[in-house]
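Per-entry structural report
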2 protein chains.
Amino acid sequence: MLGMMQDWPLLCHKILDYAAAQHGGREIVSRSVEGPILRTTYADIHARAKKASQALEADGFGLGDRIATLGWNSARHMEAWYGAMGIGGVYHTLNPRLFPEQIAWIMNHAEDKGLFVDLSFLPIVEAIADNVPSLRKIIVLTDADHMPKSSKLEMVDYESWIGQHDGDFAWKQFDENTACGMCYTSGTTGDPKGVLYSHRSNVLHALISVQPDALNLGSNEVIMPVVPMFHANAWGIAHSAPMVGAKIVNPGPLMDGASIYELLDSEKVTMTAAVPTVWLMLLSYLEETGKKLPHLNRVVIGGSACPRAMTEAFQNDYGVQVIHAWGMTEMSPLGSLGVMKPVYSDLEGEVLLDMQEKQGYAPFGVEMQITDDENVELPWDGKTFGKLKVRGPGVAKAYYGGAGVEQFDQEGWFDTGDVAHINANGYMQITDRSKDVIKSGGEWISTIDLENLAVGHPDIQEAAVIGIVHSKWDERPLLICITKQGKNPAAEDILEFMRGKVAKWWMPNAVAFVEEIPHTATGKIQKTELRKQFADYRFDDG
Amino acid sequence: MLGMMQDWPLLCHKILDYAAAQHGGREIVSRSVEGPILRTTYADIHARAKKASQALEADGFGLGDRIATLGWNSARHMEAWYGAMGIGGVYHTLNPRLFPEQIAWIMNHAEDKGLFVDLSFLPIVEAIADNVPSLRKIIVLTDADHMPKSSKLEMVDYESWIGQHDGDFAWKQFDENTACGMCYTSGTTGDPKGVLYSHRSNVLHALISVQPDALNLGSNEVIMPVVPMFHANAWGIAHSAPMVGAKIVNPGPLMDGASIYELLDSEKVTMTAAVPTVWLMLLSYLEETGKKLPHLNRVVIGGSACPRAMTEAFQNDYGVQVIHAWGMTEMSPLGSLGVMKPVYSDLEGEVLLDMQEKQGYAPFGVEMQITDDENVELPWDGKTFGKLKVRGPGVAKAYYGGAGVEQFDQEGWFDTGDVAHINANGYMQITDRSKDVIKSGGEWISTIDLENLAVGHPDIQEAAVIGIVHSKWDERPLLICITKQGKNPAAEDILEFMRGKVAKWWMPNAVAFVEEIPHTATGKIQKTELRKQFADYRFDDG
């Protein structure tokens, strides 16, 4: 027997309808690539997104068409997303920090037909457009006055393009499982893999993420998503903020400390979200200038592990709560948040900081488990670590085109590729990537823990740990280091520094000093490259 | 093109799975009908609900079977709900305040096969069981020691019944639109009408209701649902509290001021929810004893309009925020909440109280409109009032068995039967029931506004306004009053008191004094009865 409740499909444009109806006057403030700070409202974005839908339809776009975006966070970028979704199209965010040939590869894989692009990224498009045969329309997110005098590209400015339409448009209706968004992961190995979000997954993810124990987003918040819209589905903020009528402040292209501070202060931002790198710049700026953050209440930090010193600085020096979060492009992206449950709500000082080094716990809608290599579930004891697997309405069930099938199992679990432990209260901590973890005599050793420990040595600039085959133990850790300029520590000196701080059997068998450690375009250590370089390396005893 | 996200059906028992996994140690405290205060946890409720599922299966219950409950709020009652839902059954809450013959009518209409019942309600069941032929199993929500020595009923105690099972049970899997719950409306006219909730509607309603600008429910809250589980789907709290791991404090059968205060204080309750009547008792108790509410942060008041004086007392005398809410059984039930948007966030004093007389604004997932009799949408100007219509995933699309079809239109709007205005910022205020509103010369007059005004006269005990046919104006208002004991005001005295406080053309044409005003079992004025009594009444000029 079915219930007798309304068939009200979870469609993303209903979020914008709601924002316009209930929070129409709430502002969206964006620093533009042209320079000025632009102000608009949810009512305006709603009206203009409808014009964008009309313009896309007039240009022959329709259901299922992938429409790429290459832009900083802005109201126009948000209109482009909703305009595309409103005709059943798919916004496809491209990461401008990738190499142009990677961007072209991704566009060809996705078969993007349209592209919204910021003025500042036109050189990228000029470099690759000829190699993307599916691309047939380029819309520059600016107005006629700012269009370049000449270009090899055929393109139109966004304002003129939507200006031809009246906004009298009914969003298309379709199944809530219809695709609406796309984002490729920039893995450290192999080709990028595409995640294809649905209207349902985005709406549910937004509902899950606004909860008090997640982003805690309400209409009185002023949120600055420093995290770019092209990074992991904008952490869902392009959907969650309008769902509750929060004011959005977009930093646009400028993420240096002074520029971020300027908007935090002038717009009285109450919460913000980004990767640790951005906050290093802000904290340096604050320290140099002696400025404070009186309006800011909390900062969500994810993308990579938040250093303890950063949490300490925000909380103790500036009175800003840090929410350490973890997620993945494949998860829409939120997976866990370091908000304190009652059992930890009285923690303070170092004990609180200890707990905040964990990536937090999963909200309703994200199921987690850790397993060993044989898929046996491991206990939540805060020590035993295993492959982290997740399930939920915001989690991918496959990659676009079918890559990476080995990450998805029969029971619906997605293998995140991370290795983690979870404590008895559900707080998870990432300890490694599963392809990097070292398997020594059947036990696992976390390379990240060893690297974090090694860089604590005063002479070490950067460290990477990889597994080297070993006749007795299968694999043993090799510590690879870059020393600080002018320093020349002995291997034994580094090992002595580490001794006693990790289990004895975790200790690296040797230390190798190198001039350079290879990185990806997005700054991650390329361990595959290192493993190639050290393919013939053997320990004296192994 | 469909998205490639996981098929993760929205099933209610996933909420309890989540609570057990992530908030397993969080307490549920219940005052039992047997007397003692019982303490349990989400982990326990989860384990015992699985035993209840096994016991139901062993008794031959399955998909779609309606299983009634007649009980106060308790952990066992919650286990019964989840146990029923876990096999694809339908919990069906019965309101013990209805007359026994009404309860029997409802059970027969729903064809209930099983019944969970509190000890205190056995007399009702003994009175009606013979008249409900579908009923074949009665489980008393108690243990063997408390079972009555003799009864005409064949029944089993809950603890012995689940005690035969081991809890090793996998919840049944089915479509998220499967029915899971049922509640009949106790209308002021006609037969009760059944609302049939689905797993999807309950899960979405819970996600919508925990939002910061709705119930603002997180794991650190201690919530006391004074609203009974049999009242309008427990206001969703049996789903929303476990979804976030909030501690629940169930008042059980005792709702007097002293009993409610005792639990608010001893369990450090941070938020609570009930109809205004309950709060009158608590506020009297506090006034008499001089006690305060240091732990309580906010109180959600709905079910009928919250009197201004009540809001004032809670906020000004006790520092407890009032959230005036509106909803309906047909809406799962939340429809709007009087939380302040930024535009009103600085209001205080009388101006804040003015705004709090409104029932608030709709969260994402509840669409609202007001229309005239010809279905033309009316403006949101805070004055123009019309039929209030709603749409959303938590709103009924029909009544069980097909009654009331006239309330559901083609575009999916449900006509609430309320008349309301909505202001430019989306804040809605109920002004009448549409069947009570008086249509005078094409314009509408709110009977509730006139009644509220009339009871402000010092000699008036209770007032009701009904429309009387009028040759020129179609209808004109008649004010019907009960005077306070020993008072004998003149009709003109009452009218003079009202004059100038409402538009001139709203003024009642006459006043009738009566000894008694008829009420329903749940305390609402029966205007149908009054209209019958005054069917032959005519005004001097009409």
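Just so it is clear, the structure is predicted and the values come from calculations on it, not from any experiment. (Residues numbered from 1 in each chain as written. Chains lettered and ligands numbered in written order. Predicted model: local features only at pLDDT ≥ 70, side-chain atom pairs only at ≥ 80, totals over all residues. Heavy atoms only, no water.)

**Concerning the interface of chain A and chain B**
Contact with chain A, which involves 73 residues of that partner, is made by 73 residues of chain B. Broken down residue by residue, the surface that chain A buries against chain B is led by Met-1, Met-5 and Phe-364 of chain A, which jointly contribute 17%. For the pair chain A and chain B, the interface holds four salt bridges. For Lys-397 of chain B, the salt bridge is made with Asp-7 of chain A, and the minimal N-O distance between the two is 3.3 Å. (Contact = heavy atoms within 4.5 Å. Buried area = accessible area lost by both parts, 1.4 Å probe. Salt bridge = Lys/Arg side-chain N within 4 Å of Asp/Glu carboxyl O.)

**Quick notes on the sheet that holds strand E7 (residues 156–157) of chain B**
All names here are of chain B. Taken in spatial order, the seven strands of this open sheet run E7-E6-E5-E3-E4-E8-E9, and their pairing is mixed. Strands at the two margins of the open sheet, each flanked by one partner only, are E7 and strand E9 (193–198). For strand E4 (residues 90–93) and strand E8 (residues 179–185), the ladder comprises three bridges, and the chain directions are parallel. Across the sheet, His-92 pairs through a bridge with Met-182, a residue of E8. (Pairing = 2+ DSSP bridges. Helix = DSSP H or I, 4+ residues; strand = E, 2+ residues; numbered from the N terminus.)

**With respect to the pairing of strand E5 (residues 114–117) of chain B**
Residues and elements named next belong to chain B. Side chains Gly-114 and Phe-116 project from E5 onto one buried face, and the interleaved Leu-115 and Val-117 project onto a second face that is buried too. As paired elements, strand E3 (residues 66–70) and E5 share four bridges and run parallel to each other. Pairing of Thr-69 across the sheet is with Phe-116, part of E5. By the bridge criterion, four bridges tie E5 to strand E6 (residues 137–140) in an arrangement that is parallel. Looking at E6, one finds that Leu-115 is bridged to Ile-138. Since E5 and E6 lie parallel, the crossover through helix H5 (residues 122–128) that links them has a hand, and here it is right-handed. (Buried < 20%, exposed > 50% of the residue type's maximum accessible area, 1.4 Å probe, protein only. Right-handed = clockwise from strand over helix to strand, strands pointing away.)

**A closer look at the pairing of strand E1 (residues 27–31) of chain B**
Residues and elements named next belong to chain B. The buried fraction of E1 is high, at four of five residues. In this antiparallel pair of consecutive strands, E1 and strand E2 (residues 37–41), the connection spans five residues, and Gly-35 shows a positive phi of 125°. Examined bridge by bridge, E1 and strand E11 (residues 247–250) share three bridges and lie parallel to one another. Each residue of the ladder has a partner; that of Val-29, found in E11, is Val-249.

**Side note on the pattern of salt bridges**
The final tally for this structure, using the stated rule, is 62 salt bridges over all chains. Among the salt bridges present, the one from Glu-176 of chain A reaches Arg-200 of chain B, with a minimum N-O distance of 2.8 Å. Pair noted here: Glu-176 of chain A is in the loop between helix H6 (158–163) and strand E8 (179–185) and Arg-200 of chain B is in helix H7 (residues 199–209), and the two residues belong to different chains. Residue classification places Arg-200 of chain B among the buried positions, given a relative accessible area of 8%. Via salt bridges that share partners, Glu-34, Arg-48, Arg-76, Glu-79 and Glu-159 of chain A belong to a single interconnected network.

**Some details on the relation of the copies chain A and chain B**
Take chain A, turn it by 180°, move it 0.0 Å along the axis, and it overlays chain B with an RMSD of 0.1 Å. Expressed as a symmetry operation, the mapping of one chain copy onto the other fits a two-fold axis. When you check the interface residues of chain A against chain B, 100% turn up at the interface there too, and the contact is symmetric in its surfaces. (Least-squares fit on C-alpha atoms with pLDDT ≥ 70 in both.)

**Structural notes on the sheet that holds strand E9 (residues 193–198) of chain A**
All names here are of chain A. The seven strands are arranged E7-E6-E5-E3-E4-E8-E9 in an open sheet whose pairing can be described as mixed. The sheet terminates laterally at strand E7 (156–157) and E9, the two strands that pair on one side only. The sheet contact formed by strand E6 (residues 137–140) and E7 spans two bridges and is parallel. Bridging across to E7, Val-140 finds its partner in Asp-157.

**Focus on the domain arrangement of chain A**
Residues and elements named next belong to chain A. Taken domain by domain, chain A consists of domain 1 (12–255), domain 2 (342–402 + 413–433) and domain 3 (438–533). Taking the mean C-alpha position of each, domain 1 and domain 3 sit 41 Å from one another. Surface buried jointly by domain 1 and domain 3 totals about 510 Å² across both partners, of which 65% is contributed by carbon and sulfur atoms. At the boundary of domain 1 with domain 3, the tally comes to zero salt bridges. At the boundary of domain 1 with domain 3, the tally comes to zero residue pairs in polar contact (both at pLDDT 80 or more). Here the side of domain 1 that touches domain 3 is composed, by residue class, of two nonpolar, five polar and one charged. (Domains from an automatic or database assignment. Polar contact = N/O pair within 3.5 Å; in protein donor to acceptor, adjacent residues only side chain to side chain. Nonpolar A, V, L, I, M, F, W, Y, C, P; charged D, E, K, R; others polar.)

**Some words on the environment of Met-147 of chain A**
Residues and elements named next belong to chain A. Of note, Met-147 is situated in the loop between E6 and E7. Relative accessible area serves as the criterion here: at 17%, Met-147 is assigned to the buried category. C-alpha separation for the pair Met-147 and Leu-119, spaced 28 residues apart in sequence, amounts to 7.8 Å. When residues no more than four places from it in sequence are discounted, the contact partners of Met-147 are Val-140, Thr-142, Met-155, Val-156 and Asp-157.

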